[in-house]
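Architecture at a glance
Residue-level listing of the chains:
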Amino acid sequence: MVKRQIFPDGADGRFAPAKRPRTSNASLTNAEDITSALQLKHLLTFQQGADAQLRRSIQCFKTFLESIARGADDSSRRNRLFILKEYLDSQKGRDDGDSDSHFLTDLIQIWNYAGQVNADALLSAVPAVLALLLKTISSLLDFRDYGILLGKTILQQSQLKLVSRQLTAPKSKEFIISPCIRLLLEVVSFDGGSLAKQLYGRKDFTLENKALARNLGLRRAASADASEERRKPSVRSNAIRYLLANLKYQQHAAKIDILGQVNLFKVLFDDIRGDPPEIIIDILNVFKAHVLTDKEIPKTSKGKVFTERTLGRIATLYGYEDDQKDSEIKRQKTIDVYAHEFLLLVCSNSEHGVLHTPAGWYPPGALRHSGQQEVDSNAPKAVDLGIESLEWFSKYRDKVPVRNSALAAFAQTLRPYASALQSDLLLTLFRAAPELVADYFYKKNGFSFDPKLTATWIGYSAFLFSTVQLPLSSEKMLGKDTRHTIPPPTPIVIENILPQPLDQKTLTRCLNQSSPLITFFAIRLLTIAFEKLESTLSLFKSQTESGHNIWTEASRQLVTEFCRRCPKMKDVIRVFRSTSGEDMLQRESVSRLLAMYYRVIPQVALEEKFDISVALTDALSRLETSNDIGSEDGIGLLELEHLLQIAQRSLDIKWFHKPDSLKYSPFTSLLKLLVDAPEEKPLNDLKAVFSSVVAENEILQRQTIVPSIEVLIASLREAREGVISEDFMKFIDNCVLRLVRRPTTYLDQVEDLAAQTEVSSPRASNEPLSLFLVTIREQWSFFAKSNSAEKEAVTNWLANYLTKSREIGESGALLSAIKASLLNDLEEDNLRSIMKHAVTDGGATNLMVNRMDRHAESSSSIQESAPKEESSVKDYVASLLQGPPAENQDHPELNHWIQKDVQDVMEDGDASRLIMCLCSGHLHVRKQALISLRKLMVKLEASNYSEGQQCYLLIGEVCETASPIIDNAPLPYFVGSLAARSATVITDPLHPLYAKVNRFLNKGPSWNVQRVPSYWIENILFHPPEEADSHYREIEWLLDILIDGLRTPQEMDTYRLRNVFERFLSLYASPFLPKTIKEKIMHLIFRATFVQGSTTLITRTGVINWVQTRLAVGDANRTVLLKLAERLYDTCDKARVDDWSGGTMQGTIKDILA
């Protein structure tokens, strides 16, 4: 067989390879420079089959638009804009019979042609250049109309089919999908969303659920360069921006519909950690500004988006690697901070749809189980089982149901030990919903807390410390919608005080660690746990109105459970004894913890043997040789305060025993500390302990206004200006010790002194006298005969002390007798001269004056605040002259409540605003409000709202009261205001008016409108308040109703008939009335002048004479009173007033204003 001959390349065409010629883009890259609108028009003219030429033309147009967008504001850019405007003008009126093309016909025709022949390059190029055109002219006001025309053209049926086709193109054709999404993005955001509504109207093409969800999931490989992503965003990035633009610019109804498509947001947030930083920031900012804080979007719609899964995916951003080196714009905050702030906003506000209003420590259903059962009066008296009668009370030891199940599940995904931000977020969740604390630690029982000095242990310890440190409040812990008839379950409460990881075994191991940091942590954590237990017990103790025995039993149970978890006191004592004196911070902390044992659980503390005398002596010894004396913030003084608190409660403390390590007894050492303390830092805690010891041993008298202890300290401070030597203090110490050992001896000496002075002062024995002075009198003879160098200093002090004692009110006769005895023992003339000047009947000492001034200041601060500055007074008067508010012409409250839950309707004030519509001047508004209120009653009756029964009763009585009135006239404003504010009261069982409002509602099915003011005035002004300190709050509540309800002459007439003004004018004269109430009374009188009430006030209530009286006694509101007198006369019926006053009223007003 002969081989075939091989020809050289090209020698024989039969064997030349049939290769496809290489496509060259040279013709596309060399864009033609556009110099006129006519050139641009010819360039973009459609040519059948000339795909390459069309691509080149579109590329030229794109380059032309980019030069406009990038160019500076110079002549060349202005020339290009002129060319573009001329070209767009030429396209504006063109219509070749195709109803789907009215603007830019050539480009639209090219786009349609590309769709018909499947020219992918043109399908990508046309939407891209249209998007660039819209983007370019979006910032140019003169081009707005062109943009609107282009947007409407794109949203026509023929183009929308192409849009839908490109959006659903295969995943591999990103170059077709992305330009189309960018085009829709520019359309929806053009001119601040002018075309957003029209775009949403074609949502079957532009917002098709499946297509958009798929495109949201199309991202580039993880290895893609960040700069490449910014230069050419992925399909996901474009889809995200498009979705965010719709949330930003669409109307509320459209946004609510979009938020209902949960699969979109599932895809959006599932992959958020892989997005570029700029995209993540845009997502969080748009949702924050246009979803979360938008009050028109219901909470249910927000809750559908921010599920447990969504929150967890956002929380993954805590570990986001945010490298800002490649970023064009340097950000002040990193991505994890952005995510943290966003999660805080979502999880801490019930308006954002995720947080449901919790009931504090009460789990769901607990209050329902504890409802009062009907009792048969003929049945035998049942045995009170206390807490045992509540079957559910102890069942929440392993798990607890919660209302915020989404937040509870989300909390389990957080790692507070790994990130300070995650710890802060979890603590915010606990503050917003305290029910989550127990649930979290029940489910986190697998995390070991064995003391190891690692980063994880330190982070978790800090989180536990902050958890225990969370503040208490009655509303947060016991719930807002409960009557507090029963206590919350003990297992839930104890988890908020000492969570499960902090059991007795673990805490004891922490105390016994060799590492000082671990021991210090355990001590500080136990201290704040004790403080929280103390606050909780006080909270329980305050709930005494009903179920008192149950609350007391719950307190005992809580203490028992706490003692099971906290370490034994002997372990804390061991730590205290093993702590060196040099480690002051540790000693102060552990002494504080020991003081908490004695203060909070004394029954446990007193079982342990702890000799506080030794510790107290050591602390006083250290202070005598340190520089901490006189510094209230000194750690040594803080330790001493804690030890003194222990000593005060200890049974075997030896206050008057002088140990070898101290110069004086603990009592005298403490006195010296108080004397050495500066006056601006008087060590009040130490003084309180010192005063209790003095009172217990009757060393000084306490009958006078200024206690004798103040005189003793003040006189020693004056003596300190010299030098209080050791002999000086030893003399005082000796006198105190003798007095405590033999008090009856000195009581007999007082009787002897009284008998000696009976002739000159027969009442001397009934006047106060400190036994300490009698002891000094006895010991003075020995001191006077000594050779002490401090004799003159002691004499000066003693003379001063006697004088001050007389000036505060101690018996002058007995003090004179003591002075005479002291003089007899003095031999030196100079000392006798000093003593002779003692016990004079001079004026009050500075100490007495200061104490009386402080008392007066305290009293006046309760009555009135400081006078307003002149500008503030003018503003206040201007506010009084504004008059009653006018009725709004729009009443959105008539429909705003319909989509809400009944609890939100009552607690958010929608029901109150609906009630006020009954006072409208328009009949149709009143009718519609009445119908809406009856519909609300039906919803209340069918709901499980805990306060629904009271709300149903209130609204029912309002409807019955208003029905016969509103056909002919509005409901009086004071009735509407009362009902509206009562709706707020009955939703809050902690409100001071809660009981009174409920009693009022139980009086009958309707209200006597004319008697409503007098009923409430009598029940608030002349009956005691429900709470001891709420009288003034009740008066303010009533005044707010009366002021808001005085809007027409008819209401003024009712107030006149019920003597409203006379009652409050009399109340104004009370010297203890707070300034806020006085201002409200003035507001009420000023309001009357706007409703034709001035004549009535002058002729029937004598308000002008009242003004004269208040000015005469120097009322602080002088400026307001003068303006009131002027206003009354200017707005009254002058002819009638002058006739009533015999023509003297005008002169009276002039005299007042003079």
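Bear in mind that the values here come from a model prediction, so they are computed numbers and not experimental data. (Residues numbered from 1 in each chain as written. Predicted model: local features only at pLDDT ≥ 70, side-chain atom pairs only at ≥ 80, totals over all residues. Heavy atoms only, no water.)

The next thing to look at is the overall build of the chain. In terms of helices and strands, the chain carries 63 helices and zero strands. Of all 1154 residues assigned to the chain, the portion counted as buried reaches 51%. Sequence separation of at least 24 residues holds for 74% of the intrachain contacts in the chain that already meet a minimum separation of 6. For the chain, the accessible surface area stands at approximately 54800 Å², while carbon and sulfur atoms represent 49% of it. (Helix = DSSP H or I, 4+ residues; strand = E, 2+ residues; numbered from the N terminus. Buried < 20%, exposed > 50% of the residue type's maximum accessible area, 1.4 Å probe, protein only. Contact = heavy atoms within 4.5 Å. Areas by Shrake-Rupley, 256 points an atom, 1.4 Å probe, with all protein chains shown as cover.)

A few words on helix H40 (residues 743-756). Think of an α-helix as turning once every 3.6 residues; residues three or four places apart then point the same way. Here H40 is 14 residues long and its end C-alpha atoms lie 20 Å apart, about the 20 Å a rise of 1.5 Å per residue gives. Of the positions making up H40, those classed as buried are Tyr-746, Gln-749, Val-750, Leu-753 and Ala-754. Projection of H40 onto a plane perpendicular to its axis shows the buried side chains occupying an angular sector of 145°, all on one side. For H40, exposure combined with an orientation more than 90 degrees from the buried face picks out Thr-744, Glu-751 and Ala-755. The elements touched by buried residues of H40 are helix H39 (726-741), helix H41 (771-785) and helix H43 (812-824). (Expected span 1.5 Å × (residues − 1). Arc of directions from axis to C-beta.)

What follows covers helix H32 (residues 584-600). The end-to-end C-alpha distance of H32, which contains 17 residues, comes to 24 Å, matching closely the 24 Å that a straight helix rising 1.5 Å per residue would cover. With respect to burial, H32 is a largely interior element, 13 of its 17 residues being buried.

Within the largest apolar cluster, 268 residues are counted, with the highest numbers of intra-cluster contacts made by Phe-265, Phe-287, Phe-306, Phe-772 and Trp-797. Apart from residues lying up to four places away in sequence, Phe-306 is in contact with Phe-269, Phe-287, Leu-292, Leu-311, Ile-314, Phe-342, Val-346 and Val-354. Listed in part, the 95 residues of the second largest apolar core include Met-906, Leu-936, Ile-1017 and Tyr-1055. (Core = buried A, V, L, I, M, F, W, Y, C linked by side-chain atoms within 4.5 Å.)

With that out of the way, let us pick up the pattern of salt bridges. The final tally for this structure, using the stated rule, is 31 salt bridges. Note that Lys-173 is salt-bridged to Asp-120, the shortest N-O span being 3.0 Å. Taken as a pair, Lys-173 in the loop between helix H8 (157-167) and helix H9 (174-189) and Asp-120 in helix H6 (residues 120-137) lie far apart in primary sequence, 53 residues in all. Across the pair Glu-778 and Arg-742 runs a salt bridge, and its minimum N-O distance is 3.8 Å. (Salt bridge = Lys/Arg side-chain N within 4 Å of Asp/Glu carboxyl O.)

The subject of this paragraph is the side chain of Thr-1089. With respect to the helices and strands, Thr-1089 occurs in the loop between helix H58 (1075-1088) and helix H59 (1094-1100). Side-chain polar atoms of Thr-1089 contact the backbone oxygen of Phe-1086, separated by 2.5 Å. In terms of polar contacts, Thr-1089 uses its side chain to reach the side chain of Arg-1127, at 3.1 Å. Once residues lying within four places of it in the same chain are set aside, the contact partners of Thr-1089 are Ser-1094, Arg-1127, Leu-1128 and Thr-1131. (Polar contact = N/O pair within 3.5 Å; in protein donor to acceptor, adjacent residues only side chain to side chain.)

A surface patch of nonpolar side chains, about 270 Å² in accessible area, is lined by Leu-453, Ile-458 and Leu-517. Mapped onto the secondary structure, Ile-458 falls in helix H25 (residues 455-468). (Patch = residues over 30% accessible without salt bridge, like charges linked within 9 Å, V, L, I, M, F, W, Y side chains within 5 Å.)

So, about the packing of helix H14 (residues 235-249) against helix H15 (residues 252-259). Viewed as axis vectors pointing N to C, H14 and H15 meet at an angle of 140°, and their least axial separation amounts to 8 Å. In terms of orientation, H14 lies oblique with respect to H15. Residue-level contacts link Leu-243, Asn-246 and Leu-247 of H14 to Lys-255, Ile-258 and Leu-259 of H15. Of the residues assigned to the contact of H14 with H15, the class counts are four nonpolar, one polar and one charged. (Axes fitted to C-alpha atoms, helices over the stretch in contact; angles between N-to-C directions. Parallel < 35°, antiparallel > 145°, perpendicular 65-115°, else oblique. Nonpolar A, V, L, I, M, F, W, Y, C, P; charged D, E, K, R; others polar.)

Here Arg-565 shows up in helix H30 (residues 548-565). Judged by its relative accessible area of 13%, Arg-565 is buried. Beyond its immediate stretch of four places on either side in the chain, Arg-565 contacts Ile-494, Glu-495, Leu-498, Pro-499, Gln-500, Leu-502, Asp-503, Gln-504 and Leu-507.

Tracing the sequence through the fold places Leu-1039 in helix H55 (residues 1031-1045). Overall, the relative accessible area of 0% leaves Leu-1039 in the buried class. As a C-alpha pair, Leu-1039 and Ile-1017 span 22 residues in sequence and 9.5 Å in three-dimensional space.

Here the focus is the state of the cysteines. All chains considered together, the criterion is met by zero disulfides. Cys-566 forms no disulfide, and the closest cysteine sulfur to it belongs to Cys-563, at a distance of 5.1 Å. (Disulfide = S-S within 2.5 Å.)

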